[in-house]
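Observations on the model geometry
In case you want the letters, here they are:
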Amino acid sequence: GGQFTEPALSEPVVQIQHAPDGDPAGKGRVMVRTDDGPDRDKSFVFDHVFGPDSQQNEVYSTVAQAIVAGVLEGYNGAIMAYGQTGTGKTYTMGILDRIAPEGHSGIIPSALRQIFQDLADVPCSPSCGCRWTVSISF
């Protein structure tokens, strides 16, 4: 029989283009280029990059705070963590087996804190019969 030869795979070239300072859209782009031609290149847009020294409260205020505020105005909201094993998704979402102090807790406990603080600030008299129901799933 004939001999099978695996085709040579080209190494992709990854370019990261951060959003220029003052750019109102604030978007960055990751370009993955290959030797296979421009029709095979991939482009991904991102909103923000967090460095290794980023704090949980910075991540929450940048990523989730506006989504939770929208939920309190009646919009649906979803926050999802995606990535390789060991990259900090569980830590960032805050579903560890311990309670972290305010400012250091993950997205889920911070979102619950924001929801209940905002609901506590809504004026409600005993005569109006206000009632809140909070449902979450993850």
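The rules behind the values
In this convention, every chain numbers its residues from 1, walking through the sequence in written order. Residues qualify for local features only when their pLDDT is at least 70, as the model is predicted, and side-chain atom pairs are given and counted only at 80 or more; totals for whole chains, interfaces and linings, by contrast, use all residues. Hydrogens and water are ignored here; the side-chain numbers use all heavy atoms of the structure. Think of a nonpolar core as a cluster: buried Ala, Val, Leu, Ile, Met, Phe, Trp, Tyr and Cys residues, connected wherever their side-chain atoms sit within 4.5 Å. Type-normalised accessible area, obtained with a 1.4 Å probe on protein chains alone, sets the label of each residue: buried when under 20%, exposed when over 50%, and partly exposed for intermediate values. The way it works is that DSSP assigns letters per residue, a run of H or I at least four long becomes a helix, a run of E at least two long becomes a strand, and they are numbered from the N terminus. Whether two residues are in contact is decided by their heavy atoms: any pair within 4.5 Å suffices. Confidence of the prediction at every residue is given by pLDDT, a number between 0 and 100. Each patch is built from salt-bridge-free residues with over 30% relative accessible area, joining like charges within 9 Å and nonpolar side chains (Val, Leu, Ile, Met, Phe, Trp, Tyr) within 5 Å. Each accessible area value is a Shrake-Rupley result obtained with a 1.4 Å probe; residue values ignore everything except the protein chains displayed when judging cover. Every case where a carboxyl oxygen of Asp or Glu lies within 4 Å of a side-chain nitrogen of Lys or Arg is listed as a salt bridge.

1. What to know about the nonpolar core
Among the nonpolar cores identified, the biggest contains 10 residues, and these are Val59, Tyr60, Ala64, Val68, Met93, Ile107, Ile108, Ala111, Ile115 and Leu119. Elements represented by at least two residues in this core include exactly α1 (56-63) and α4 (107-120). It is α4 that contributes the most residues to this core, five residues altogether. Apart from residues lying up to four places away in sequence, Leu119 is in contact with Leu72, Trp132 and Val134.

2. Points about the environment of Asp41
Considering the arrangement of structural elements, one finds Asp41 in the loop between β2 (28-33) and β3 (42-46). Sequence separation of Asp41 and Met31 is 10 residues, and the distance between their C-alpha atoms is 7.2 Å. Contacts of Asp41, omitting those with residues within four sequence positions, involve Val32, Arg33 and Thr34.

3. Examining the confidence of the model for the protein chain
Chain-level pLDDT for the protein chain is 79 on average; 80% of the residues reach the 70-or-more range. Within the protein chain, the lowest mean pLDDT, 67, falls on strand β1 (residues 13-17), and the highest, 94, falls on helix α2 (residues 65-72).

4. Some details on a nonpolar patch on the surface
A contiguous nonpolar surface patch, about 270 Å² in accessible area, is contributed by Phe116, Val134 and Ile136. Within the element layout of this structure, Ile136 appears in the segment after α4.

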